[in-house]
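Single-letter residue listing:
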Amino acid sequence: MRGRLVVGNWKMHGELAATARLLQALKAALTPVEGCAFAVCVPFPYLAQAAEALRGSALAWGAQDLSEHDAGAFTGEVSGNMLRDFACRYAIVGHSERRTLHGETDRTAGAKLGAALRSGLTPIVCVGETLAERERGDTEAVLARQIDALLQAQGVGALARSLLAYEPVWAIGTGHTATPDQAQRAHAFIRGRIAAADAAIAADLSVLYGGSVKSSNARELFSMPDVDGGLIGGASLAAGDFLAICAALSQR
Ligand code: 13P
């Protein structure tokens, strides 16, 4: 059976004392749930703190990005092996904010997927259309292009060791959550596209939904057959909200 996950993406939020409180609150309240995994992807400077605070807990941790290179003269970049030094399990790859604000492309997402796997990390690769693309009726074409680029770069076998996240750009940070039906359709399309390359890998692949998930809508979204959990931005910054979303996954 596919694993179900809730992953927090803190983005560029936090300061040392507040992150200590948040990590402690999550650690104290979360207990292991059969078939479910929980994680937070924190800013790079807080990885040591997360590793220290969360070791032995039901909450794993990861990073929000990594370099496509393994080592070298790449000022400001962070490699997958560096993330493994802090016992990261996950690395987000190709988030729409990296794509739109930092010039990342389908090519870099494919390269970073490979880099994460080489370091033994589980990549969480993000795909999703903009509002303009959805309004033009191009949602499936955009998802197909993004998925095909991953398949072409790393082969379908890479997705056996990865997670995908469908994050419609118009739903991120806007409060306009995709309806469960819109999410289900996109997730089914993504799974179908991968199934054309390998049906077994597609059936086992966990596909998370991200974009304005809250405690009030999580349960409905997670009840859709192809939605295997969530990638949570804003609501992952408050312990009570994030824990309620984790509970919604456990109750599915
Ligand atoms: P919000 O939950 O704040 O909309 O962010 C979603 C996201 O981008 C997670 O990666």
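Throughout what follows, the structure given in this document is the object of discussion.

Cut-offs and rules
- Numbering of residues begins from 1 in every chain and follows the order in which that chain's sequence is written.
- Predicted model: local features are reported for residues with pLDDT of at least 70 only, side-chain atom pairs are reported and counted for 80 or more only, and whole-chain, interface and lining totals are derived from all residues.
- Only heavy atoms go into the side-chain values, all of them from the structure, while hydrogens and water stay out.
- To sort residues, take the accessible area from a 1.4 Å probe on protein chains only and compare it with the maximum for the residue type: under 20% means buried, over 50% means exposed, and anything in between is partly exposed.
- Strands here mean DSSP runs of E at least two residues long; helices mean DSSP runs of H or I at least four residues long; both are numbered from the N terminus.
- DSSP bridges decide pairing: two strands pair if at least two such bridges lie between them.
- Residues enter a nonpolar core if they are buried and are Ala, Val, Leu, Ile, Met, Phe, Trp, Tyr or Cys, with the set joined through side-chain atoms within 4.5 Å.
- When checking whether two residues touch, look at their non-hydrogen atoms; a contact exists if any pair is within 4.5 Å.
- The pairing test for Phe, Tyr and Trp rings, Trp by its six-membered ring, is centres within 6.5 Å, and the orientation test on the planes gives stacked under 30 degrees, edge-to-face over 60, and tilted for anything in between.
- Note on geometry: axes are C-alpha line fits, over the in-contact stretch for helices, and angles between N-to-C directions span 0 to 180 degrees.
- If a single non-hydrogen atom of a residue is within 4 Å of a molecule or strand, that residue counts as near it.
- In protein, a polar contact requires one atom able to donate a hydrogen and another able to accept it; more generally it is a pair of N or O atoms within 3.5 Å, and residues adjacent in sequence count only if both atoms are side-chain atoms.
- For the accessible areas, the method is Shrake-Rupley and the probe is 1.4 Å, while residue cover comes only from the protein chains on display.
- Here the nonpolar group is Ala, Val, Leu, Ile, Met, Phe, Trp, Tyr, Cys and Pro; Asp, Glu, Lys and Arg are the charged ones; every other residue, Gly included, is treated as polar.
- By the definition adopted for this analysis, an angle is roughly parallel if under 35 degrees, roughly antiparallel if over 145, roughly perpendicular if from 65 to 115, and oblique otherwise.
- In a left-handed crossing the near helix is turned counterclockwise from the far helix by less than a right angle, and in a right-handed crossing that turn is clockwise.

**Quick word on the pairing of strand β5 (residues 122-127)**
Most of β5 sits out of view: 5 of its 6 residues are buried. As paired strands, strand β4 (residues 90-93) and β5 are joined by 4 bridges and run parallel to one another. By the bridge assignment, A91 is partnered in β5 with P123.

**Quick notes on the nonpolar core**
Formed by 71 residues in total, the largest nonpolar core has its most connected members in V6, V40, L83, L164, I194, Y209 and F222. Among the elements that line this core, the one with the most residues is helix α11 (residues 239-250), at 7 residues. With sequence-adjacent residues up to four places away left out, F222 is seen in contact with V6, V213, V227, G229, G230, I245, A248, L249 and R252. Judged by nonpolar contacts, the second largest core, of 13 residues, contains L5, A39, Y90 and I92.

**What about the packing of aromatic side chains?**
All chains considered together, the criterion is met by 1 aromatic pair. Both rings, one in Y166 and one in Y209, keep their centres 6.3 Å apart while their planes meet at 55°; by these two values the pair is tilted. Taken as a pair, Y166 in strand β6 (residues 163-166) and Y209 in strand β7 (residues 207-210) lie far apart in primary sequence, 43 residues in all. The exposure classification of Y166 matches that of Y209, with both residues buried.

**Regarding unusual backbone geometry**
You will see that K11, though not glycine, has its phi angle at about 55°, which is positive. As for its placement among the helices and strands, K11 is situated in the loop between β1 (4-9) and α1 (16-29).

**Considerations on the sheet that holds strand β8 (residues 229-232)**
Reading around the circumference, β1-β2-β3-β4-β5-β6-β7-β8 is the order of the 8 strands in this closed barrel, with parallel pairing throughout. On average, each strand axis in the sheet is tilted by 30° relative to the strand beside it, whichever way the strands run. For β7 and β8, the ladder comprises 2 bridges, and the chain directions are parallel. The residue bridging Y209 from the neighbouring strand is G230, located in β8.

**What about the site of the ligand?**
Around the ligand, a shell composed of N9, K11, H95, E167, A171, I172, G173, G211, S212, L231, G233 and G234 is seen. N9 places a polar side-chain atom, nitrogen or oxygen, 3.0 Å from an oxygen atom of the ligand. Here G233 contributes a backbone N or O atom positioned 2.9 Å from an oxygen atom of the ligand. For the ligand, whose unbound accessible area comes to 300 Å², protein coverage reaches 94%. Considering only residue class, the shell around the ligand consists of 3 nonpolar, 7 polar and 2 charged.

**As for the packing of helix α5 (residues 106-118) against helix α7 (residues 139-154)**
With their axes 9 Å apart at the nearest point, α5 and α7 run at an angle of 45° to one another. By the criterion of interaxial angle, the relationship of α5 to α7 is oblique. Seen along the crossing, α5 lies across α7 with a hand that is right-handed. Contact residues: D106, A109, G110, A111, L113 and G114 in α5; R145, Q146, A149, L150, A153 and Q154 in α7. When its residues are assigned to classes, the contact of α5 with α7 shows 6 nonpolar, 4 polar and 2 charged.

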